Amino acid sequence: MRPLTEEETKVVFEKMASYIGRNIAFLVDNKDDPHVFRLQKDRVYYVADRIAKFATSIARPNLMSLGICLGKFTKSGKFKLHVTAIPILSQYAKYKIWIKQNGEMPFLYGNHVLKAHIGRMSDDIPEHAGIIVYSMSDAPLGFGVSAKSTVESRNLQPTAIVAFRQSDIGEYLREEDTLFT
Amino acid sequence: MGNRRHKNKQGAPPTYEEFSQKKLKRDQKRKRSDSVSESKPPKNLKKDIVEKPKLSKKTKKVDENDEKEIIKRQREEEKLLPEVDFEELASAKKSLFDDDDGEEEELNDEFDIENGEGEEGEGEDDEEFYDSEEDARERPMFSDDEDEDLDDLNAANMEALSAKLDEEAALEAEEAEEELIQSKTIQPRAKVLPTEEELALENQSGAKDLTVLRTRMIEIVKVLEDFKRLAEVGTSRAEHTDRLLQDICDYFGYSRFLAEKLFNLFSPSEAMEFFEANEIARPITIRTNTLKTKRRDLAQTLVNRGVNLQPIGPWTKVGLQIFDSQVPIGATPEYLAGHYILQAASSFLPCMALAPEENERVLDMASAPGGKTTYLSALMKNTGCIFANDANKARTKSLIANIHRLGCTNTIVCHYDAREFPKVIGGFDRVLLDAPCSGTGVIAKDESVKTSRTEKDFIQIPHLQKQLLLSAIDSVDANSPTGGYIVYSTCSVMVEENEAVVDYALRKRPNVKLVETGLEIGKDGFTSFRGKTFNPKLSLTKRYYPHTYNVDGFYVAKLKKIAPSPHDVSKAGAKEKESLARAEEEEEGIIHDDFANFDDEKDDELIEKSKVRHLKRKGINPNNK
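Cut-offs and rules
Residues numbered from 1 in each chain as written. Chains lettered and ligands numbered in written order. Predicted model: local features only at pLDDT ≥ 70, side-chain atom pairs only at ≥ 80, totals over all residues. Helix = DSSP H or I, 4+ residues; strand = E, 2+ residues; numbered from the N terminus. Rg over C-alpha atoms; globule rule 2.2 N^0.38 Å. Buried ≥ 20, exposed ≤ 12 C-beta atoms within 10 Å, placed from the backbone. Contact = placed C-beta atoms within 7 Å. Pairing = 2+ DSSP bridges. Axes fitted to C-alpha atoms, helices over the stretch in contact; angles between N-to-C directions. Nonpolar A, V, L, I, M, F, W, Y, C, P; charged D, E, K, R; others polar. UniProt positions renumbered as here; feature names shortened; annotations may be inferred. Domains from an automatic or database assignment. Parallel < 35°, antiparallel > 145°, perpendicular 65-115°, else oblique. Left-handed = near helix turned anticlockwise from the far one by under 90°.

Per the secondary structure count, chain A includes eight helices and twelve strands. Here chain A has a C-alpha radius of gyration of 17 Å; the compact-globule value for 181 residues is 16 Å, and the two agree. Among the 181 residues that make up chain A, the fraction classed as buried is 39%. Put simply, of all contacts in chain A between residues at least 6 apart along the chain, 55% involve residues at least 24 apart.

Right, here's the structure in full:
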């Protein structure tokens, strides 16, 4: 377990910023309960500072996880956000899409968000921006990128894709074997 | 007042003697009360003289203490009553009537009331007479009238009424007992054990007839319950038990070894209940994740999805029991969003016993798949720090999944052999040890236990458990201001894995003591078992059986560490690290004390020589100074 290098931090922050924009400042700058980013094996964890300190007493091969896992670095050095980051992303999300009850299950099975399933969405979503998907009861379901801007998506067919799914909470079941180790 | 259930039960009808006597008395009274309506209460009856001032006094100043005392006294007297024959009672009443003693008088007043409906009416009449309510006097008595008795309850008649109800209950119980005894005595001493030939025939026919086995088991259990009375002459208890065990093995499919072990834990009838409960699956239960939602909201959403559910019981505020569901309960959007987790009701118990407080540091030594860890985290409201350990790396996967799904941010997941623990990091406020066990409490879940467990398991597993418990104790900070607790739990019902392990730890670590688990349900742990005597404090631990609470078989013990011990060394502390480094240095240093001393004279000579040589080489004559 170690802190991120300058370069790694840049990659991670760039990725996160596409979903939460400038709100990323809240992640780094939390006076009451300072949080830190930690790299263990190839995974990045976002964790309270005091917990990170406790975790130093666990040997590297034995430490499996701490705090919240944000995602992992791929072999090519890119950063991939995991669904486990959803509590943080949903808290500071910039662009949101709410989907109706009838769209929940299709989304959780790994499908993209269709126009017909949309309950409401933020007004100012541009094209290809990171969005967070919520159920109508405000429970975060996953995240993705918008296929069209809000304005454009108003005149789409009901079957047209409004947002591409990147990750959804259905992965807790579907990807259990690969997601956590 | 007494149990209202009895109020609608009609008492036993009076005997003919009593009845006729009553009639006589009633006539008397009628005459008497007629005279009362005109003038003062009649003085001709001794009873009235004694009783009246007493009652009126009571109505005037309702001294509660007094009453309580009297009621208590009455109860004591009543305790003796069930021994007394009904007839005797009646005669005693008659004789008591002539007694002057105030208390006795009261007692006999009770008898008046209790000895049957008719008399009850009379008793009532008496009282109403004293209260000078004349209108009700002539009213015929019905069993339903008792309702009114309760309604117009007042200080004067309260104790009498309560006494009456108690009395009735006692009588009923007595009758039931009598009936039971009769039915028992009527039963012939049935021959329940099969003969050699019958057995041979049974074995020959291949598949055994289960109904025959079942009836035989029930019969043998009945005989064992009351061996003296019911056993066939010339048979021993051992023979019966032996046959019963063999039948249990055949019927339920246990290995003989395990069946015997489990059978020894209970009385024969309770053992049968236990074995039968193991054939039925426990209800599916879920735990609300209080970090994300409330139980009421969750229940509402699930009901809307077509799930039939209900709270588990009054002892937990987060559990829900699922009866049936139209959707897979482990794949609803709420499940994926982490609003609940599928968790057996029994595994709530150790977490509730541990009761972690906010901002504490807690260790869960064997945590996969994370039901208990996430519950602890929810109890601590995501503050403090939880170390979730599991020895099996593959199982940490589900642990991490559950931790993330339920949004527990205060956890550190590691995989160590938990026995290493005080060395990895110690000084925890609380430690939860849900030890790996033989699983004899969850046979309903895992049938393979029935046959796979051997004697070796019951030596190896407790051995591991003992080591783990000692590690758990050593990992706790005795001086923690809020905690210092260890909870030990297993999903086994065996004494070897439960009481014996805790008893061992108490002997090995005198710096811990057993404390109350704080759990509302559960049976007390054994303090002795088959010749072994344990620490008497072991009664503070709790046992759970599938047939009593409809949870898995379970055991929970809570310990408090009261003092530090030399076993608490941790490799992680700064002090320990320093002393470790010093020790290493000492070990690795090349020069030890036994190395040769310096000889200064010889050294000087050598130094001189080398100087001379040095000068010569430079071409300087050393003697040329």
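Right, let's talk about the overall build of chain B for a bit. Of the regular secondary structure elements, chain B holds 26 helices and 15 strands. Within the span of chain B, comprising 625 residues, buried residues form 35% of the whole. Here the analysis covers contacts within chain B between residues at least 6 apart in sequence; of these, 73% occur between residues at least 24 apart.

Quick look at helix 23 (residues 499-508) of chain B now. Taken together, the buried positions of helix 23 of chain B are occupied by E499, V501, V502, D503, A505 and L506 of chain B. Lining the buried residues of helix 23 of chain B we find helix 22 (457-474), strand 9 (485-490), strand 10 (512-515), strand 12 (528-529) and strand 15 (554-561) of chain B.

Another aspect to go through is the sheet that holds strand 2 (residues 307-311) of chain B. Residues and elements named next belong to chain B. The antiparallel open sheet is built from four strands, whose spatial order is 2-3-1-4. The outermost strands of the open sheet, each flanked by one partner alone, are strand 2 and strand 4 (340-342). Strand-to-strand twist of the sheet, defined as the mean angle between neighbouring strand axes without regard to direction, takes the value 35°. In the sheet, strand 1 (residues 284-288) pairs with strand 3 (residues 319-325) via four bridges, with the strands oriented antiparallel. The residue of strand 3 that forms the bridge with R287 is G319. Seen against the sheet, helix 15 (residues 295-304) touches strand 1, strand 2, strand 3 and strand 4 and runs at an angle of roughly 155° to strand 2.

This paragraph deals with the interface of chain A and chain B. Of the residues lining the interface, 26 residues belong to chain A; the matching set on chain B comes to 22 residues. Sorting the residues of the side of chain A that touches chain B by element identifies helix 3 (49-55), strand 4 (63-66), strand 5 (68-73), helix 5 (101-108) and helix 7 (171-174) of chain A as the ones contributing at least two each. The leading source of residues in the side of chain A that touches chain B is strand 4 of chain A, at four residues. Its residues placed into classes, the side of chain A that touches chain B shows 16 nonpolar, eight polar and two charged. Strand direction decides the pairing type here: strand 4 of chain A and strand 7 (residues 411-414) of chain B, joined by three bridges, are antiparallel. Bridge pairing in strand 7 of chain B links L66 of chain A to I412 of chain B.

To continue, consider the UniProt feature "domain: PUA" (unreviewed entry) in chain A. Listed under "domain: PUA" (unreviewed entry) in the UniProt record, and renumbered for this structure, are residues 95-170 of chain A. In the segment residues 95-170 of chain A, helix accounts for 17% and strand for 41%; the C-alpha atoms at its two ends are 21 Å apart.

A few words now on the domain arrangement of chain B. Assigned domains within chain B: domain 1 (4-184), domain 2 (196-277), domain 3 (284-343) and domain 4 (362-568). One C-alpha centre belongs to domain 2 of chain B, the other to domain 3 of chain B, and the line joining them spans 41 Å.

In this section: the packing of helix 12 (residues 237-252) of chain B against helix 13 (residues 256-263) of chain B. Residue and element names in this part refer to chain B. For the pair helix 12 and helix 13, interaxial distance at closest approach is 9 Å and the crossing angle is 120°. In terms of axis orientation, helix 12 runs oblique to helix 13. When the axes of helix 12 and helix 13 are compared, the crossing they make is right-handed. Residues L245, I248 and C249 of helix 12 form the contact with helix 13, whose participating residues are R256, A259, E260 and F263. Among the residues making up the contact of helix 12 with helix 13, the classes are represented as five nonpolar, no polar and two charged.

Our focus in this paragraph is the UniProt feature "binding site: S-adenosyl-L-methionine" (unreviewed entry) in chain B. Residues and elements named next belong to chain B. According to UniProt, the positions carrying the feature "binding site: S-adenosyl-L-methionine" (unreviewed entry) are A366, S367, A368, P369, G370, G371, K372, D390, D417 and D434. Looking at where A366 falls in the secondary structure, it is placed in the loop between strand 5 (361-364) and helix 18 (371-379). Taking the number of C-beta atoms within 10 Å as the measure of exposure, A366 has 21 and is therefore buried. With near-sequence residues (within four places) excluded, A366 lies in contact with D390, A391, A418, L433, D434, A435 and P436. By the secondary structure assignment, A368 is in the loop between strand 5 and helix 18. When near neighbours in sequence (up to four residues on either side) are disregarded, A368 contacts D390, N392, R395, T396, S398 and L399.

The subject of this paragraph is the sheet that holds strand 5 of chain A. Residue and element names in this part refer to chain A. The five strands lie next to each other as 1-2-3-5-6, forming an open sheet whose pairing is antiparallel. In the strand order of this sheet, the two ends are held by strand 1 (2-3) and strand 6 (79-81), each with one partner. Across four bridges, the pairing between strand 3 (residues 43-48) and strand 5 is antiparallel. Bridge pairing in strand 5 links V44 to G71. Across the sheet, helix 1 (residues 6-20) touches strand 2 (35-40), strand 3 and strand 6, and the angle it forms with strand 6 is around 40°.

Residue and element names in this part refer to chain A. Going residue by residue along strand 7 (residues 96-99), you find I97 and I99 tucked away on one face and K96 and W98 left uncovered on the opposite face. For strand 7 and strand 10 (residues 130-135), the ladder comprises four bridges, and the chain directions are parallel. Bridged to I99 within strand 10 is S135.

Okay, the environment of V442 of chain B next. All names here are of chain B. Among the secondary structure elements, V442 is positioned in the loop between strand 8 (430-434) and helix 21 (449-452). A residue is classified by how many C-beta atoms lie within 10 Å of it, and V442, with 21 of them, is buried. Sequence-wise, V442 and N278 are 164 residues apart; in three dimensions their C-alpha atoms are separated by 7.7 Å. With near-sequence residues (within four places) excluded, V442 lies in contact with C491, D552 and G553.

Here we come to the domain arrangement of chain A. Residue and element names in this part refer to chain A. Parsing chain A into structural domains produces domain 1 (2-88) and domain 2 (93-174). Here the C-alpha centroids of domain 1 and domain 2 sit 25 Å apart. Listed per partner, the contact involves nine residues of domain 1 and twelve residues of domain 2. Per-element tally for the side of domain 1 that touches domain 2: the top contributor is helix 1, with three residues. Classifying every residue of the side of domain 1 that touches domain 2 gives five nonpolar, four polar and no charged.

To continue, consider the UniProt feature "domain: SAM-dependent MTase RsmB/NOP-type" (unreviewed entry) in chain B. Here, UniProt's "domain: SAM-dependent MTase RsmB/NOP-type" (unreviewed entry) annotation points to residues 274-562 of chain B. With 30% helix and 22% strand, residues 274-562 of chain B has its two end C-alpha atoms placed 38 Å apart.

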